[in-house]
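If you want the building blocks of each chain, they are given just below.
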Amino acid sequence: MLDLVIDARPASIGPGFDVRRILPYRLRRMLGPFIFMDHAGPVAVAPAQLASLDVLPHPHIGLSTVSYLFGGQVTHRDSLGVEQIIRPGEVNWMTAGSGIAHSERFEDPAALAGGALEMVQTWVALPEVDEEAAPAFANYQPRELPVFTDGGVWLRLIAGNAFGLRNDVKTHSPLFYLHVVLQAGARFGPPRGYPERGAYVAKGRVEVAGRAYVAGQLLVFTPGLDPVLVALEPSTLMLLGGEPLGERFIWWNFVSSRRERIEQAKADWAAGRIVLPPNDNAEFVPLPQDKSRPAGSSPSPQALS
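What counts, and where the lines are drawn
- Residues numbered from 1 in each chain as written.
- Predicted model: local features only at pLDDT ≥ 70, side-chain atom pairs only at ≥ 80, totals over all residues.
- Heavy atoms only, no water.
- Pairing = 2+ DSSP bridges.
- Helix = DSSP H or I, 4+ residues; strand = E, 2+ residues; numbered from the N terminus.
- Polar contact = N/O pair within 3.5 Å; in protein donor to acceptor, adjacent residues only side chain to side chain.
- Salt bridge = Lys/Arg side-chain N within 4 Å of Asp/Glu carboxyl O.
- Buried < 20%, exposed > 50% of the residue type's maximum accessible area, 1.4 Å probe, protein only.
- Contact = heavy atoms within 4.5 Å.

A. Molecular detail of the sheet that holds strand β20 (residues 211-214). Taken together, four strands build an open sheet; the order of strands is β17-β22-β19-β20 and the sheet is antiparallel. Pairing within the sheet leaves two strands with one partner each, and these edge strands are β17 (187-188) and β20.

Quick look at the structure:
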């Protein structure tokens, strides 16, 4: 039923700000087109520490970032001039394409009160034909995202197609991405019709084929089989997958099907050719030191970038 179980690796990107890094993993670089996945929070910090959580302007190419919050809020600013407050239940889809810079700021102390901030960010690699597309950003409100409930199961379609549901979130390749909440005892399975599928246990505990899995684990399902997940307690899952796109190289915040394109992006950022957000351009993340790590090696991208 399962090809692989990936345990999230802990990391901290600021005082009280814990991140679980799920993808990429040394034995599993991608799941369908998904090439990166972080789970941050719950986070609670004192107001004086708020600025320490900020992710300064930094670049991307060749991918779409997808930000989805369980609680709290984040302010997104990018080089297109977009300024968007990201709130729970929304889908915020930024397509980097040929190059974009953005920041994520935690500016509202009330949004962090009581450990309220919690979010999942994924990166979706673009097909080769779209890798140099014009950058774009779109915010989709919860009312635009279909919800289904039945027998202790609640789910929201974040993007793609699944279980006969679809929405207007613009994607570039066949995929599915779901937020699923299960009551204790509820049974649920991943959508059919996709060669690569997985379920990340964000909260709670589930059972598959008689074995229990806990929060912080990504379950990668065997192609062609249809496992049943049973909630051993109230649980929250993120289901994701789709059609594979082929080999991708990843270095820092850059993704491409071509090694030389990664090198060009590095040079562009170092030379200031990727424009900073016009309403957040006083500081930025410098290009990391490249200590002889090739573009196709295991990445260490900026958390929540």
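B. A look at the side chain of R248. Its location among the elements puts R248 in the loop between β23 (235-242) and β24 (249-251). Within the local environment of R248, its side chain forms a polar contact with the backbone oxygen of L126, the two atoms lying 2.9 Å apart.

C. Inspection of the pattern of salt bridges at higher detail. Tallied over the full model, the rule gives 17 salt bridges. Linking E131 and R248 is a salt bridge whose minimum nitrogen-to-oxygen distance equals 3.5 Å. Pair noted here: E131 is in the loop between β11 (117-125) and β12 (136-140) and R248 is in the loop between β23 and β24, with a separation of 117 residues, a long-range link. In this structure, E131 and R248 share a single accessibility class: buried. Each of the salt bridges in this network shares a partner with another, and the network as a whole consists of D54, R105, D280 and E283.

D. Inspection of the side chain of E118 at higher detail. The topology assignment puts E118 in strand β11. A distance of 3.3 Å separates polar atoms of two side chains, one belonging to E118 and the other to K203.

E. Geometry of the environment of A202. Structurally, A202 can be placed in strand β18 (residues 196-203). Looking at A202, the relative accessible area reads 4%, which means it is buried. Considered as a pair, A202 and H179 are 23 residues apart in the sequence and their alpha carbons are 9.8 Å apart. For A202, the residues in contact, after removing those within four places along its chain, are R20, H39, F70, A215, T236 and L237.

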